[in-house]
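Listed here are the chains, written in short residue letters.
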Amino acid sequence: MDLYVPILALGLLAAGFAVFSVGVSAFTGPKRYNRARLDSYECGIEPTPQPAGGGRFPVKYFITAMLFIIFDIEIIFLFPFAVAFDVLAWYGVVEMFLFILTVFIAYAYVWRRGGLEWD
Amino acid sequence: MTLPMQPEFTSPVIEYSRLYPLLIVFGVAAVGVLVEAFLPRDRRYLVQVVLAVLGLGGALAGTILVAADLDVAAGDLTARGLVAAEGAVSIDGPTVFIWGVLLALSILSVLLFAERRLEGGITAFAGQAAALPGTEAERQASTRGIEHTEIFPLAMFAVGGMMLFPAANDLLTMFVALEVLSLPLYLLCGLARRRRLISQEAAVKYFLLGAFSSAFFLYGIALVYGYAGTFTLAGIDRAVTDRVGGQNLLLAGMGLMAVGLLFKVSAAPFHAWTPDVYQGAPTAVTAFMASCTKIAAFGALLRVFFVGFGGAQWDWRPMMWIVAIITMVVGSVVALTQTDIKRMLAYSSIAHAGFLLVGFAGVFEGSSGYTGITSLQSILFYLTAYGFATVGAFAIVTMVRDAGGEATHLSRWAGLGKRSPLLAGVFAFFLLAFAGIPMTSGFIGKWSVFSAAWSGGAWPLVVVAVVMSVVAAFFYVRVIVLMFFSDPVGEGPTVAVPSALTGIAVAVTVAATVVLGVVPGPVLDLAQEAGSFVR
Amino acid sequence: MSATPFLTLSALLFTIGAVGVLVRRNAIVVFMCVELMLNATNLAFVTFARVHGNLDGQIAAFFVMVVAAAEVVVGLAIITSIFRTRRSASVDDASLLKY
């Protein structure tokens, strides 16, 4: 069980930091409420208008989500490489380069066919 | 805490000189994606078709070269070839035979995909799959002549997966290959230009059931891995022969893997998707799926069960006997009641899966010095005969049309023989080949499969198979009678004149079916040359 | 530590997924059940890798995750397109093809 002590300590540290910073800002920060503050948060951009009565989300969110999933999961194959890159030496570098090249073929398709354009 | 010593790394040996047909197909598929990305819309069609045909042709030529210098496997009398890519892929006689047949059939299928004249200058695939059926956007897409040329790279990826599937020598590679061949097919099924609701429904059904069955396949792999501690078929064979550990794990794993594989060959009771998907998918895709998927899946089924689970054959043989009988009966009997030509051909393909399973369940592997045909070799020949006749029959279906597209209802085929004797005659010929009438490829195929099963001691199965062949012959003959001896109802369908692409596909498949029936010797010899699997 | 609890959990999850595929009516939920089956398999893979003391099973889990992601992308695209056409994701409503 000794192995878990550092992980536990790290977890406690992280939780403590989060609680501390939120708590401190609640006490010391200025309190000014305006429309932008109270609006729903969408990664800092202007919120996309939603249809009245809780309609469905536009299908363009779907494309973004799917592209994210596929490119995100590809990275999993970099993980074994990252663990053993020093032993694999140049062989690993070349293989990973080829792998990323094939991922970029898919990326080029998405980019050229307008998959990355929002409107 | 110290890290364990890192073992010395030796880079894997990849036998590029044996694997290049596979790499050509995947490479051309990737280039096809780039073509889609960078070429202007009006140039894509031609480039994609040329690229696909050249790529498949190059891979076929490569396969022949690879087949020509396969070495005799060490310590084996019948097998030629080697296990390549660090045990992931085996390049042996059956592999190169299947590759050759698959590539030849996929070239013909790509020609059907590329057919433009039947729809009035446009392919039979949806102009814009994202546009809703019946909307303004869809009408605009079709009046502007937009078409999805992505179908060609998708088909190439599917062909690549199909080549890898029967060649895979470890279960993980096999699973990845299964998905690589399935995912493009799910999409292709939903891309019909006409009757899009049916096409989309077929895609959803195929996808949900396909994902369900591959989950079973995967869990089977996990259990077999738990039993044997390795993914390689040779390692599993050792574990099975030595009877290590709990047999329950092995039996459950074998059963679950069989579910996944039998789903792909559309054997009953895992056949429910077949009629719906074959009917709903664009006919060119159906031709491709019905022939190539079945070949690839049978290759994989044989390899897993003969090489990996050969030592446990007394455990799985009874199961396969039952599946074979159910499949033949369901396929032949239910086909009698069909009123749609594509659905009828789908049930016919289920019945053929049953006949092929007879050869498989017979498990006759020959012995040294034996010169007759073994189960594996007879199945390879049957698959060749079945594949060519299937592509040809579906190619004919694309040509019989009325105002709404293809006229697939059987009543619309009445009297076709009077209107277009040539086309009806060719179709009748394919049906006779399916039925296994002498002087056609189907007869030689059935004969060799049944005789191999008989030699393997599965004579009750052969008796059932012969009876079911007679039942199946009945519904093929029914269509022939309908075409030649009844009068057309009302206006009747028209027989559209296709471009040279479909023409070539039909001509080649007719020629192949005749040659395989009249002089089957050379191809039978080739199938026997294929020998057996390397271990 | 014995492997049995992990394998039992894996089998339970797989069964829940399989039953879900058979009884649920919404295509998205059916598909989520398939994903649950794949993840149950992953658990079995890593457990057996531990039992046998080799890494094959862990590598298999990576491949399964990637395949599952690709399947999600393809599958949701198909389900979305039929949903937009029919305004319904129920697998019972898609019934043009039968018998």
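The rules behind each value
Residues numbered from 1 in each chain as written. Chains lettered and ligands numbered in written order. Predicted model: local features only at pLDDT ≥ 70, side-chain atom pairs only at ≥ 80, totals over all residues. Axes fitted to C-alpha atoms, helices over the stretch in contact; angles between N-to-C directions. Helix = DSSP H or I, 4+ residues; strand = E, 2+ residues; numbered from the N terminus. Parallel < 35°, antiparallel > 145°, perpendicular 65-115°, else oblique. Contact = placed C-beta atoms within 7 Å. Nonpolar A, V, L, I, M, F, W, Y, C, P; charged D, E, K, R; others polar. pLDDT = per-residue confidence, 0-100. Buried ≥ 20, exposed ≤ 12 C-beta atoms within 10 Å, placed from the backbone. Pairing = 2+ DSSP bridges. Expected span 1.5 Å × (residues − 1). Core = buried A, V, L, I, M, F, W, Y, C linked by C-beta atoms within 7 Å. Left-handed = near helix turned anticlockwise from the far one by under 90°.

Caption draft 1: Examining the packing of helix H3 (residues 93-114) of chain B against helix H11 (residues 283-308) of chain B more closely. Residue and element names in this part refer to chain B. Axis separation between H3 and H11 bottoms out at 9 Å; the angle between their running directions is 175°. For the element pair H3 / H11, the angle class is roughly antiparallel. Listed contacts from H11 to Pro94, Ile98, Val101, Leu102, Leu105, Ser106, Ser109, Leu112 and Phe113 of H3 are Ala284, Ala287, Phe288, Ser291, Cys292, Ile295, Ala296 and Gly299. For the contact of H3 with H11, the residue count by class is 13 nonpolar, four polar and no charged.

Caption draft 2: Representation of the confidence of the model for chain B. Confidence along chain B averages 91 in pLDDT terms, with 97% of residues attaining 70 or more. The ipTM value of the predicted complex is 0.95, and its pTM value is 0.91.

Caption draft 3: Expanded view of the interface of chain A and chain B. Between chain A and chain B, the contact holds ten residues from the first and nine residues from the second. Of the residues belonging to the side of chain A that touches chain B, the class tally is seven nonpolar, one polar and two charged.

Caption draft 4: Quick peek at the pairing of strand S2 (residues 89-92) of chain B. Residue and element names in this part refer to chain B. What you see with S2 is no split at all: Val89 and Ile91 on one side and Ser90 and Asp92 on the other are buried throughout. Examined bridge by bridge, strand S1 (residues 81-84) and S2 share four bridges and lie antiparallel to one another. Residue pairing for S2: Ala84 is matched across the bridge by Val89. Hairpin connection from S1 to S2: four residues lie between these consecutive antiparallel strands, with Ala85 at a positive phi of about 50°.

Caption draft 5: Representation of helix H9 (residues 247-264) of chain B. All names here are of chain B. For H9, built from 18 residues, the straight-helix expectation of 26 Å at 1.5 Å per residue is met to within 8% by its first-to-last C-alpha distance of 26 Å. Among the residues of H9, those classed as buried are Leu250, Gly253, Met254, Leu256, Met257, Ala258, Gly260, Leu261, Leu262, Phe263 and Lys264. On the buried face of H9, the contacting elements are helix H7 (196-228), helix H8 (233-242), H11 and helix H12 (313-335). Backbone geometry just after H9 places Ser266 at a positive phi near 55°.

Caption draft 6: Representation of the interface of chain C and chain B in the model. Across the contact, 34 residues belong to chain C and 33 residues belong to chain B. Broken down by secondary-structure element, the contributors of at least two residues to the side of chain C that touches chain B are helix H1 (4-23), helix H2 (27-52) and helix H3 (56-86) of chain C. It is H3(C) that contributes the most residues to the side of chain C that touches chain B, 16 residues altogether. Looking at side-chain class alone, the side of chain C that touches chain B contains 24 nonpolar, seven polar and three charged residues.

Caption draft 7: Layout of unusual backbone geometry. Residue and element names in this part refer to chain B. Residue Pro269 is bonded to the preceding Ala268 through a cis peptide linkage, with omega at 0°. Relative to the assigned elements, Pro269 resides in the loop between H9 and helix H10 (273-280). Residues other than glycine seldom take positive phi values, yet Arg243 does so here, at roughly 50°. With a phi angle near 55°, Ser266 is a residue other than glycine that sits in the positive phi range. For Ser266, the location among the structural elements is in the loop between H9 and H10.

Caption draft 8: Broad picture of the nonpolar core. Ranked by size, the top nonpolar core spans 246 residues in total, and within it Leu102(B), Ala155(B), Phe165(B) and Val358(B) carry the most contacts. At 21 residues, H7(B) tops the list of elements feeding residues into this core.

Caption draft 9: Up close: the sheet that holds strand S4 (residues 405-406) of chain B. Residues and elements named next belong to chain B. In space, the three strands of this open sheet follow the order S4-S3-S5, with antiparallel pairing throughout. What marks the edges here is a single partner per strand, and that holds for S4 and strand S5 (494-495). As paired strands, strand S3 (residues 400-402) and S4 are joined by two bridges and run antiparallel to one another. Paired with Asp402 across the two strands is Gly405, which belongs to S4.

Caption draft 10: Main features of the packing of H7(B) against H3(C). At their nearest, the axes of H7(B) and H3(C) sit 10 Å apart, and the two run at 165° to each other. In terms of orientation, H7(B) lies roughly antiparallel with respect to H3(C). The element H7(B) and its partner H3(C) pack so that their crossing is left-handed. On H3(C), the residues touching Leu197(B), Gln200(B), Glu201(B), Ala203(B), Val204(B), Phe207(B), Ala211(B), Leu218(B) and Tyr225(B) of H7(B) are Asp56(C), Gly57(C), Val64(C), Glu71(C), Gly75(C), Ile78(C), Ile79(C), Ser81(C), Ile82(C) and Thr85(C). The residue makeup of the contact of H7(B) with H3(C), split by class, is eleven nonpolar, five polar and three charged.

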